[in-house]
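Fold and contact review
In case you want the letters, here they are:
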Amino acid sequence: DPNISKNRRNTKLSFVTDPFEPGSVFKTLTVASALENNLITADTNYYCEKGKYRVGNHYIKESDSKHAYEWLSVAEILKYSSNIGTTKIAFDLTYPVLKETLKKFRIGVKTAIEIPGESRGILEKKENIKPLRLSNISFGQGVATTGIQMLSAYAAFANGGYYVKPTILKVKDPSKIKKERIISEKTAKSITEMLVQVVEDGTGGKAKINHFTIAGKTSTAQRVDPKGGYKGYVPGFVGYPVNIDKRFIVFAYVDNPTKNGYYGNLVAAPIFQNITKNILYKNRKFNQLSHIKEDNHKTLDNIHIKYAAKRKIVKGIAPNLIGLDKGSAFKILDSIG
């Protein structure tokens, strides 16, 4: 049935099949390239032209017209998501150097995940390009990626600099996972530290989770209209908890939202927060924290209330155990025999 196939493609596989302009989540790759090529450090400063920077016959502006930045460090360029700052970093890089880094992150290349219909996305193949084009690509316009490409790219920041081919198959022996170093551990650590500041003090505040340190990046990308030009937005947030043993990545993005505005921090960050919080709590990751604030018991009590106390538990009726950890489920089962 073609209608079933179409629906399944749209709702289940779009993170593999449908490329889109990633927007500001792409800025992290530009910064990583400059770090890796020893052109900058987190403390390198760029003058951000008070919010308006002429490139050729066009002006590059910040996403919010109220932002009229002057001097920003590289860390602040990511924290405040400056288009102009990212552009200037890219101009120092040049496109041939940036493109080599993007190739390592598999931008413009299929990940070979075990799902049919994967798109390779779009990356400019020319050896060099005009400054305006380079500027746009540096902050995620004029380049198209899939959700799985960006998820895999950010995994390299979380795992210390390795590209790992994504898979939907369960891996029984972690030692057999193939990984390729694409950036140094130093670069990955520096990026993670900057992404933590994005959440703590920058554009990603709504992704915070009590007692966990979150690294992440917002985006508010213009949505490409199939008829040409732009129409609507694709807000996104990609990130990972830092202070746990096994890090995991979550990328939330919404195609043309109709509620709660269209900024990544307003629309996508709360989705990221909800998904990540549930994974952390379900896996009892809070037990791994080196030190827990005094109010943590209150937080955990609220979680138990949400997932357990409101359920009907009656002898003779199979209880609803969905969402509970194994220990809580067994306690409920034992209590009703």
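Nothing here was measured: the structure is a model prediction, and the numbers come from that model. Every chain's residues receive numbers from 1 upward, in the order its sequence appears when written. Per-residue local features are limited, in this predicted model, to residues with pLDDT of at least 70; the limit for side-chain atom pairs, both in listing and counting, is 80 or more; totals at the level of whole chains, interfaces and linings are taken over all residues. Where side-chain values are given, they derive from all heavy atoms of the structure, hydrogens and water being excluded.

Glancing now at the overall build of the protein. Across its full length, the protein holds 12 helices and 9 strands. For the protein, contacts bridging at least 24 residues in sequence account for 65% of all contacts bridging at least 6. Exposure was quantified through the Shrake-Rupley algorithm and a 1.4 Å probe, taking into account, for residues, occlusion by the shown protein chains and nothing else. Surface summary for the protein: the accessible area is close to 18500 Å², and the carbon and sulfur share equals 51%. Where helices and strands are cited, they refer to DSSP runs of H or I of at least four residues and of E of at least two residues respectively, numbered from the N terminus. Contacts are assigned to residue pairs with any non-hydrogen atoms lying within 4.5 Å of each other.

Turning next to unusual backbone geometry. Not every positive phi belongs to a glycine, and T94 is a case in point at roughly 75 degrees. As for its position among the elements, T94 is in the loop between α5 (83-93) and α6 (95-104). For every residue, the accessible area obtained with a 1.4 Å probe (protein chains only) is divided by the maximum for its type, and the residue is called buried under 20%, exposed over 50%, and partly exposed between those limits. Overall, the relative accessible area of 34% leaves T94 in the partly exposed class. Although it is not a glycine, R106 adopts a positive phi angle of roughly 65 degrees.

Here the focus is the nonpolar core. Across soluble globular proteins, you tend to see nonpolar side chains buried next to one another. By convention a nonpolar core is built from buried Ala, Val, Leu, Ile, Met, Phe, Trp, Tyr and Cys residues, the set being connected through side-chain atoms within 4.5 Å. Counting residues in hydrophobic clusters, the biggest one holds 57 residues, and the most contacted among them are L29, V31, F105, I107 and F157. Contact partners of L29, with chain neighbours within four places excluded, come to T101, L102, F105, I107, M150, A153 and F157. Listed in part, the 15 residues of the second largest apolar core include V199, I209, A252 and F272.

On to the sheet that holds strand β9 (residues 250-253). Pairing is antiparallel across the open sheet formed by 3 strands, whose spatial order is β7-β8-β9. This sheet does not close on itself; its edge strands, each paired only once, are β7 (214-224) and β9. On average, each strand axis in the sheet is tilted by 15 degrees relative to the strand beside it, whichever way the strands run. Sheet contacts for helix α10 (residues 264-282): β7, β8 (230-241) and β9; angle to β8, the most-contacted strand, approximately 30 degrees. A pair of strands is considered paired only if DSSP assigns at least 2 bridges between the two. Only the contacting stretch of a helix is used when fitting its axis, a line to C-alpha atoms as for every element, and angles between N-to-C directions run 0 to 180 degrees.

Right, let's get into the pairing of β7. Relative to β8, β7 runs antiparallel, the two sharing 10 bridges. Following the sheet pairing, Q222 is matched in β8 by Y233. Where β7 folds back on β8, the antiparallel hairpin that results is connected by 5 residues, among which G228 adopts a positive phi of roughly 115 degrees.

What pLDDT conveys is the predictor's confidence in a given residue, as a value from 0 to 100. Taken residue by residue, the protein gives an average pLDDT of 87. The fraction at 70 or more is 88%. Across the protein, helix α3 (residues 27-36) holds the top mean pLDDT of 98, while helix α11 (residues 296-309) sits lowest at 43. Note on residues 1-10: pLDDT is under 50 here. Beyond four places in sequence and across chains, it has 4 contacts. Low pLDDT, under 50, characterises residues 290-310; the predicted model gives this stretch 15 contacts beyond four residues in sequence or across chains.

Side chains that are three or four residues apart share a direction in an α-helix, a result of its 3.6 residues per turn. Taken together, the buried positions of helix α7 (residues 131-138) are L134, S135, I137 and S138. Seen from one end, α7 has its buried residues packed into an arc of 165 degrees, which puts them on one side. Elements in contact with the buried residues of α7: α3, β3 (58-61), α5 and α6. Here the arc refers to the set of directions running from the helix axis out to each C-beta atom.

For helix α8 (residues 147-158), which comprises 12 residues, the first-to-last C-alpha distance of 17 Å matches the rise-based estimate of 16 Å (1.5 Å per residue) to within 8%. A large share of α8 lies buried, amounting to 10 of its 12 residues. Of the residues trailing α8, G160 is marked for its positive phi of about 95 degrees. The span one expects for a helix is its residue count, reduced by one, times 1.5 Å.

Turning our eyes to something else, we now look at the packing of aromatic side chains. Centres within 6.5 Å make a pair out of two Phe, Tyr or Trp rings, where for Trp the six-membered ring is used; the pair is then stacked when the planes are under 30 degrees apart, edge-to-face when over 60, and tilted otherwise. Taken as a whole and assessed by the stated rule, the structure comprises 10 aromatic pairs. Where Y233 meets Y262, the ring centres are 4.0 Å apart and the plane angle is 10 degrees; that geometry is what we call stacked. Of this pair, Y233 sits in strand β8 while Y262 sits in the loop between β9 and α10, placing them 29 residues apart in sequence. Residue classification places Y233 among the partly exposed positions, given a relative accessible area of 29%. Look at Y262 and you get partly exposed, because its relative accessible area is 31%. Ring centres of F251 and Y253 lie 4.8 Å apart, and the angle between their planes is 45 degrees; this geometry places the pair in the tilted category. F251 sits in the buried class, given a relative accessible area of 14%. Residue Y253 is classed as partly exposed on the basis of its relative accessible area of 25%. By the ring-pair criterion, three or more aromatic residues cluster together here, those being F20, F251 and Y253.

A few words on the pattern of salt bridges. Here, a salt bridge means any side-chain nitrogen of Lys or Arg that lies within 4 Å of a carboxyl oxygen of Asp or Glu. Scanning all chains against the criterion turns up 7 salt bridges. Here K103 ties to E100 by a salt bridge, and the two come within 3.7 Å at their closest N and O atoms. Residue K103 and its partner E100 are located together in helix α6, separated by 3 residues, close to a single helical turn. Notably, a salt bridge pairs E124 with R133, separated by 3.1 Å at the nearest N-O pair. Owing to a relative accessible area of 30%, R133 belongs among the partly exposed residues under this scheme.

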